[in-house]
Amino acid sequence: MTDKPRLIDADKLERFLEEEIGGLAAKRIEITIAAGLFDPDPPQQPDIKLWSKVKHKHHPSWGIGIFQEFSKKKDKALILWPDRKGMFGDRVIGYCQVEKLQKVEGEEV
């Protein structure tokens, strides 16, 4: 067995359950699939920790941000962007998709 997750087509699996197995067990599995229990884990960057410096891959003009926390699903990160100014001149803080962030080493905020 490899460390890579085996991605499957949930629609094909549901059709198979319906056509080949049927019954209550098949229906319970279909409901579990629809609830997302078998979805792959979101991409994570385990090297990002509290106060890590990051850049947004698609918005380099945002400058360097400071990581605050992960969302409950771990697919988003709360980032403080000191170089971005809000409507009232305050600092901007918000959630970004983890896969769109890149950790930055040795740069000053």
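The structure this text deals with has already been given above.
Residues numbered from 1 in each chain as written. Predicted model: local features only at pLDDT ≥ 70, side-chain atom pairs only at ≥ 80, totals over all residues. Heavy atoms only, no water.

Participant: Residues and numbers for the sheet that holds strand β5 (residues 101–103), please.
Facilitator: What the five strands build is an open sheet, ordered β4-β3-β2-β1-β5; its pairing is antiparallel. Taken across any chain shown, the strands that pair with only one partner, and hence form the sheet edges, are β4 (91–97) and β5. For this sheet, the mean angle separating the axes of adjacent strands, direction not counted, is 45 degrees. Pairing analysis gives three bridges linking strand β1 (residues 53–56) to β5, with the strands arranged antiparallel. Bridge assignment links Val-54 to a residue of β5, and that residue is Lys-103. (Pairing = 2+ DSSP bridges. Helix = DSSP H or I, 4+ residues; strand = E, 2+ residues; numbered from the N terminus. Axes fitted to C-alpha atoms, helices over the stretch in contact; angles between N-to-C directions.)

Participant: Can you lay out a nonpolar patch on the surface for me, pointing to particular residues and giving the numbers?
Facilitator: Together, Ile-29, Leu-37 and Phe-38 give the surface a local cluster of nonpolar side chains, amounting to about 330 Å² of exposed area. Structurally, Ile-29 is set in helix α2 (residues 23–34). (Patch = residues over 30% accessible without salt bridge, like charges linked within 9 Å, V, L, I, M, F, W, Y side chains within 5 Å. Areas by Shrake-Rupley, 256 points an atom, 1.4 Å probe, with all protein chains shown as cover. Salt bridge = Lys/Arg side-chain N within 4 Å of Asp/Glu carboxyl O.)

Participant: Go over the layout of surface pockets, please, and point to the residues and values.
Facilitator: By volume, the largest pocket is sized at about 240 Å³. What lines the largest pocket is a set of 10 residues, among which Ile-8, Ala-10, Phe-38, Asp-39 and Pro-40 lie closest to the centre. For the lining of the largest pocket, the class distribution of residues is eight nonpolar, no polar and two charged. (1 Å grid on protein atoms, 1.4 Å probe; cavity = no way out; pocket = protein on both sides within 12 Å on 5 of 7 lines; lining within 4 Å. Points joined across faces, edges and corners; volume = space filled by probe spheres on them. Nonpolar A, V, L, I, M, F, W, Y, C, P; charged D, E, K, R; others polar.)

Participant: Break down helix α1 (residues 10–21) for me, with residues and values.
Facilitator: Owing to its 3.6 residues per turn, the α-helix brings residues three or four apart onto one side. Over its 12 residues, α1 extends 15 Å from the first C-alpha to the last, a length consistent with the 16 Å expected when each residue adds 1.5 Å. Capping the start of α1, Asp-9 holds a side-chain oxygen 2.9 Å from the backbone nitrogen of Asp-11, two or three residues further along. Within two residues after α1, Gly-22 carries a phi angle of roughly 65 degrees, on the positive side. (Expected span 1.5 Å × (residues − 1). Polar contact = N/O pair within 3.5 Å; in protein donor to acceptor, adjacent residues only side chain to side chain.)

Participant: Please provide a residue-by-residue account of the pattern of salt bridges, values included.
Facilitator: For the coordinates displayed, the defined rule picks out one salt bridge. One salt bridge in this structure joins Glu-30 and Lys-27, with 3.9 Å as the shortest N-O distance. Taken together, the positions of Glu-30 and Lys-27, both in helix α2 and three residues apart, correspond to about one turn of that helix. A relative accessible area of 15% places Glu-30 in the buried class. (Buried < 20%, exposed > 50% of the residue type's maximum accessible area, 1.4 Å probe, protein only.)

Participant: How would you explain the pairing of β1 if you had to name every residue and give the values?
Facilitator: What you see with β1 is a clean split: Val-54 and His-56 sit on the buried side and Lys-53 and Lys-55 on the side with no burial. Alignment of β1 against strand β2 (residues 65–70), held across two bridges, turns out to be antiparallel. Pairing of Val-54 across the sheet is with Gly-65, part of β2.

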